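# Examination of the molecular architecture
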Amino acid sequence: MALAVHFGAGKIGRGFIANLLHQTGYHVVFADVVQETIDKLKKEQQYTLFLIDHNYDEQLIDDVDAYSTINEADKVVDAIQEAEVVTTSVMATNLDKVAPLIAKGLKRRVGSHKPKITVMACENAMMGTNILVKAMLATGEITTDELNEVGVYPNTAVDRVVFDGHHHGKDGIEIGDAYELAIEKNKLADTNTQPIKNAEYVENLEMYLQRKIYMINCGHAISAYLGQANGYKTVQEVLKDPQLLEQVKTAMMESAGALELV
């Protein structure tokens, strides 16, 4: 079975990126710093998603494993050496922290004549994979020529609603049906392939990133500001208030109107 290594076993990692990797047919190895999460994934080799739009029906994600980037760094590097895909969802500000391990794993592939690995930072950031590549080069572990020899590095745009959840006597992650994972098509080793199924492969990623930042993130931000001002604790509570919901919609439509003029 093909192997994918994913850095970050949080809600987006397990509820979005690893979910799509699992659907594609990969054995998914998580790399994370939270020992409790790592131990649970190691022991159970699976986890549960709850489908918000389907009365919180369960979806089981199995055939997974996990290693600590702190205590099992060698195993993470070994996994990268054998993987077909490496992805991250660690927050863009933490990419410099995972870059050394990824660089070491990629360095191991130099001269091996393996097919090029696909490395993608799936972060809430503009051109996150470019940030990761820059961070890997800054480590001194690998050169630009070596990076280009062993892999390809498409940027992505990501969007999915995910929450912690507890249903049917189980802890898990709540996910919505709607999502978007847009991937730079022209940076793939073969533009006719799809390393992750059910993603969207696009020519103009900048358009998707701008829409995500200035509409989806705008809606979340406005909801949070209004919630703080009106004594609510969560965005969900804000969106259940008809008056505040209308204000959020108005703000998002104003942002959409501005994007139409770009």
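Just above, that's the structure.
Quick caveat, the model's predicted, so the values are computed rather than measured.

### Quick word on the environment of Leu259
Looking at where Leu259 falls in the secondary structure, it is placed in helix α9 (residues 242–261). Look at Leu259 and you get partly exposed, because its relative accessible area is 25%. For the pair Leu259 and Ala66, spaced 193 residues apart in sequence, the C-alpha separation works out to 41 Å. Setting aside anything within four residues of it in sequence, one finds Leu259 in contact with Gln210, Arg211, Tyr214 and Met215.

### Some thoughts on helix α3 (residues 73–82)
Burial in α3 covers these residues: Val76, Val77, Ala79 and Ile80. Viewed along the axis of α3, the buried residues span an arc of 160°, placing them on a single side of the element. Tucked into the core, α3 has its buried residues touching β1 (3–7), β2 (27–32), β5 (64–68), β6 (85–88), α4 (95–107) and β7 (117–121).

### Quick word on the pairing of β2
Counting buried residues along β2, six of its six residues qualify, which places the element largely inside the surrounding structure. Side-chain alternation along β2 places His27, Val29 and Ala31 on one buried face and Val28, Phe30 and Asp32 on a second face that is also buried. With helix α1 (residues 11–24) bridging β1 and its parallel neighbour β2, the resulting β-α-β unit is right-handed. The pairing of β2 with β5 spans five bridges and is classified as parallel. By the bridge assignment for β5, Val29 is matched with Asp65.

### Regarding the pairing of strand β4 (residues 57–62)
When strand β3 (residues 46–51) meets β4, the two strands line up antiparallel, connected through six bridges. Pairing of Leu51 across the sheet is with Asp57, part of β4. As consecutive antiparallel partners, β3 and β4 are separated by five residues, and within that stretch Asn55 has a phi angle of approximately 55°, a positive value.

### Looking at unusual backbone geometry
Positive phi outside glycine occurs at Asp63, with the angle close to 55°. The residue Met127 is not glycine, and still its phi comes out positive at about 55°. Positionally, Met127 belongs in the loop between β7 and α5 (128–138).

### Description of the sheet that holds β1
Read from one edge to the other, the open sheet built from six strands follows the order β5-β2-β1-β6-β7-β8, with strand pairing classed as parallel. With partners counted over all chains shown, the strands left at the sheet margins are β5 and β8 (151–152), one partner each. Pairing of β6 with β7 involves four bridges; the strand directions are parallel. Its bridge partner being in β7, Thr87 is matched across the sheet by Met120. Those strands touched by α1 are β1, β2 and β6, and its axis lies near 150° from that of β2. Packing against the sheet, helix α2 (residues 35–44) makes contact with β2 and β5, and its axis sits at approximately 145° to β5.

### With respect to the packing of α3 against α4
Running from N to C, α3 and α4 point in directions that differ by 50°, and their axes come no closer than 8 Å. Judged on the interaxial angle alone, α4 and α3 are oblique. The two elements α3 and α4 cross, and the hand of that crossing is right-handed. Residues Ala73, Val76, Val77, Ile80 and Gln81 of α3 lie in contact with α4, whose contacting residues are Leu101, Ile102, Lys104, Gly105 and Leu106. Across the contact of α3 with α4, the residue classes tally to seven nonpolar, two polar and one charged.

Parameters at a glance
Residues numbered from 1 in each chain as written. Predicted model: local features only at pLDDT ≥ 70, side-chain atom pairs only at ≥ 80, totals over all residues. Heavy atoms only, no water. Helix = DSSP H or I, 4+ residues; strand = E, 2+ residues; numbered from the N terminus. Buried < 20%, exposed > 50% of the residue type's maximum accessible area, 1.4 Å probe, protein only. Contact = heavy atoms within 4.5 Å. Arc of directions from axis to C-beta. Right-handed = clockwise from strand over helix to strand, strands pointing away. Pairing = 2+ DSSP bridges. Axes fitted to C-alpha atoms, helices over the stretch in contact; angles between N-to-C directions. Parallel < 35°, antiparallel > 145°, perpendicular 65-115°, else oblique. Left-handed = near helix turned anticlockwise from the far one by under 90°. Nonpolar A, V, L, I, M, F, W, Y, C, P; charged D, E, K, R; others polar.

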